[in-house]
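Close look at the chain arrangement
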Protein chains: 2
Amino acid sequence: MSNLKYSRQREAIKKQLMQRNDHPTADMVYTDIRKEYPNISLGTVYRNLALLSELGEIKRLVTGDGPDRFDADTSPHNHFICRKCHAVLDMDMEDISEIKERAEQNFHGVIESYSVNFYGICEHCHQTKLS
Amino acid sequence: MSNLKYSRQREAIKKQLMQRNDHPTADMVYTDIRKEYPNISLGTVYRNLALLSELGEIKRLVTGDGPDRFDADTSPHNHFICRKCHAVLDMDMEDISEIKERAEQNFHGVIESYSVNFYGICEHCHQTKLS
DNA sequence: TTAATAATAGTAACGATTACTATATTTAAA
DNA sequence: TTTAAATATAGTAATCGTTACTATTATTAA
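Residues numbered from 1 in each chain as written. Chains lettered and ligands numbered in written order. Predicted model: local features only at pLDDT ≥ 70, side-chain atom pairs only at ≥ 80, totals over all residues. Heavy atoms only, no water.

The subject of this paragraph is the packing of helix H1 (residues 8-19) of chain B against helix H2 (residues 26-33) of chain B. All names here are of chain B. Viewed as axis vectors pointing N to C, H1 and H2 meet at an angle of 105 degrees, and their least axial separation amounts to 11 Å. Relative to H2, the element H1 lies roughly perpendicular. From H1, Ala 12, Ile 13, Gln 16 and Leu 17 reach across to H2, where they touch Met 28, Val 29, Asp 32 and Ile 33. Of the residues in the contact of H1 with H2, the class split is six nonpolar, one polar and one charged. (Axes fitted to C-alpha atoms, helices over the stretch in contact; angles between N-to-C directions. Helix = DSSP H or I, 4+ residues; strand = E, 2+ residues; numbered from the N terminus. Parallel < 35°, antiparallel > 145°, perpendicular 65-115°, else oblique. Contact = heavy atoms within 4.5 Å. Nonpolar A, V, L, I, M, F, W, Y, C, P; charged D, E, K, R; others polar.)

Following this line, the structure appears as structure tokens:
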């Protein structure tokens, strides 16, 4: 049923995403992966990032602060977006998945997923008074 | 200090946003406001929605599902986005603002705000089996 | 091998949004 | 009330992130 064919470009994209933890944009992945595949096309990067997201192998992060980012870590966790340097950081915090049950209390549709983002100034920008 | 000048277009935009609860996009506001101001420009709508958001008079909603939406209700509440009909609905749920404190537990930057979105199929789409 | 199918590179097109510019409106002061 | 400075506008062009198109190439199962 899976009419999916192997492609080295797709593997390279996923591999690279697993090797970095800065939640890169499609363009950041493209820039870096060109060192290995000098004539990979930007469309290929976009297409495969979208495909891998649909397959659940990676996660698309919508930050509201610039282009979408991608994360190879699909385990449940939340992110912080710095409004100064635009970094996207993993939050180290306790599980808050009960907000889904709390949301379902008075809701009559089907909640399939949710996303939580925190915004502000990251430690680095705050210390170096770039804020 | 406020070099802000009155404009009827801006007032009309805010007024319309207060009168509807469908969290319209800029284009939806534009389409409707043209009935009153037939030659208002789309740029004016975008500019004023951005300005009002910065002033905190309205709220910009980043859904990850199409263009940004706007909400005249600035009180703390969360939204649901239907992946079928793309409606943005207000969630009627208990306060979950303690997630901010929970996030601050191990975080060393400054958290200024956060956003929570729920995704799935709304009651209407679920009942009419459009899902 | 071959043949069917999916994936690619390269490029064009798209939608949402912002930038530009000449004109119009607002506002405070004369 | 004019006037003059500053802000806002309408209309349009440009930008950015992303998707669509198409001819060619790679994968895969028979």
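Neighbouring DNA strand D are 19 residues, the closest being Tyr 46 of chain A together with Lys 5, Ser 7, Thr 44 and Arg 47 of chain B. Atoms of DNA strand D within 4 Å of the protein belong to the sugar or the phosphate in 79% of instances, the rest to bases. One of the side-chain N or O atoms of Asn 3 of chain B is found 3.2 Å from a phosphate oxygen in DNA strand D. Contact distances for DNA strand D include 2.4 Å between a base nitrogen and a side-chain N or O atom of Lys 5 of chain B. Listing elements by their share of the surface near DNA strand D, those giving two or more residues are helix H3 (42-55) of chain A together with H1 and helix H3 (42-55) of chain B. (Near = heavy atom within 4 Å. Polar contact = N/O pair within 3.5 Å; in protein donor to acceptor, adjacent residues only side chain to side chain.)

Close to DNA strand C lie 19 residues; Lys 5, Ser 7, Thr 44 and Arg 47 of chain A together with Tyr 46 of chain B are nearest. The contact atoms of DNA strand C, taken as those within 4 Å of the protein, divide so that sugar and phosphate hold 78%. Within the side chain of Asn 3 of chain A, a nitrogen or oxygen atom sits 3.2 Å from a phosphate oxygen of DNA strand C. Separating a phosphate oxygen of DNA strand C from a backbone N or O atom of Ser 41 of chain A is a distance of 3.0 Å. Sorting the residues of the surface near DNA strand C by element identifies helix H1 (8-19) and H3 of chain A together with H3 of chain B as the ones contributing at least two each. The leading source of residues in the surface near DNA strand C is H3 of chain A, at three residues. Residue classes in the surface near DNA strand C are distributed as six nonpolar, seven polar and six charged.

With 35 residues of chain A in contact, the opposing surface of chain B contributes 35 residues. The junction of chain A with chain B conceals about 3,000 Å² of combined surface from both sides, 58% of it contributed by carbon and sulfur atoms. Applying the counting criterion to the chain A and chain B interface returns six salt bridges. Among the salt bridges present, the one from Arg 83 of chain B reaches Glu 112 of chain A, with a minimum N-O distance of 2.8 Å. Applying the counting criterion to the chain A and chain B interface returns 18 residue pairs in polar contact (both at pLDDT 80 or more). Elements supplying a minimum of two residues to the side of chain A that touches chain B: helix H4 (98-104), strand S5 (110-121) and helix H5 (123-127) of chain A. Counting residues per element, the side of chain A that touches chain B draws most heavily on S5 of chain A, which supplies twelve residues. In terms of residue class, the side of chain A that touches chain B is built from 17 nonpolar, nine polar and nine charged. The sheet contact formed by S5 of chain A and strand S5 (residues 110-121) of chain B spans eleven bridges and is antiparallel. By the bridge assignment for S5 of chain B, Ile 121 of chain A is matched with Val 110 of chain B. (Buried area = accessible area lost by both parts, 1.4 Å probe. Salt bridge = Lys/Arg side-chain N within 4 Å of Asp/Glu carboxyl O. Pairing = 2+ DSSP bridges.)

Let us look at the relation of the copies chain A and chain B. Once chain A has been moved 0.0 Å along the axis and rotated by 180 degrees, it coincides with chain B to within an RMSD of 0.0 Å. Between the two chains, the operation in question is that of a two-fold axis. Of every C-alpha in chain A, the one belonging to Val 116 of chain A sits nearest the axis of rotation, 2.3 Å from it. When the interface residues of chain A are mapped onto chain B, 100% of them again fall at the interface, so both copies present the same face. (Least-squares fit on C-alpha atoms with pLDDT ≥ 70 in both.)

This brings us to the pairing of strand S3 (residues 79-82) of chain A. All names here are of chain A. Both faces of S3 are covered, namely the face carrying His 79 and Ile 81 and the face carrying Phe 80 and Cys 82. As judged from the three bridges shared by S3 and strand S4 (residues 88-90), these two strands associate in the antiparallel manner. From the neighbouring strand, Phe 80 faces S4, where its bridge partner is Leu 89. Connecting the antiparallel pair S3 and S4 is a turn made up of five residues, with His 86 showing a positive phi of about 65 degrees. When S3 meets S5, the two strands line up parallel, connected through four bridges. (Buried < 20%, exposed > 50% of the residue type's maximum accessible area, 1.4 Å probe, protein only.)

Before going further, it helps to spend a moment on the environment of Pro 76 of chain B. With respect to the helices, strands and loops of the structure, Pro 76 of chain B is situated in the loop between strand S2 (69-71) and strand S3 (79-82). A sequence separation of 21 residues divides Pro 76 of chain B from Ser 97 of chain B, and the C-alpha atoms of the two residues are 8.5 Å apart.

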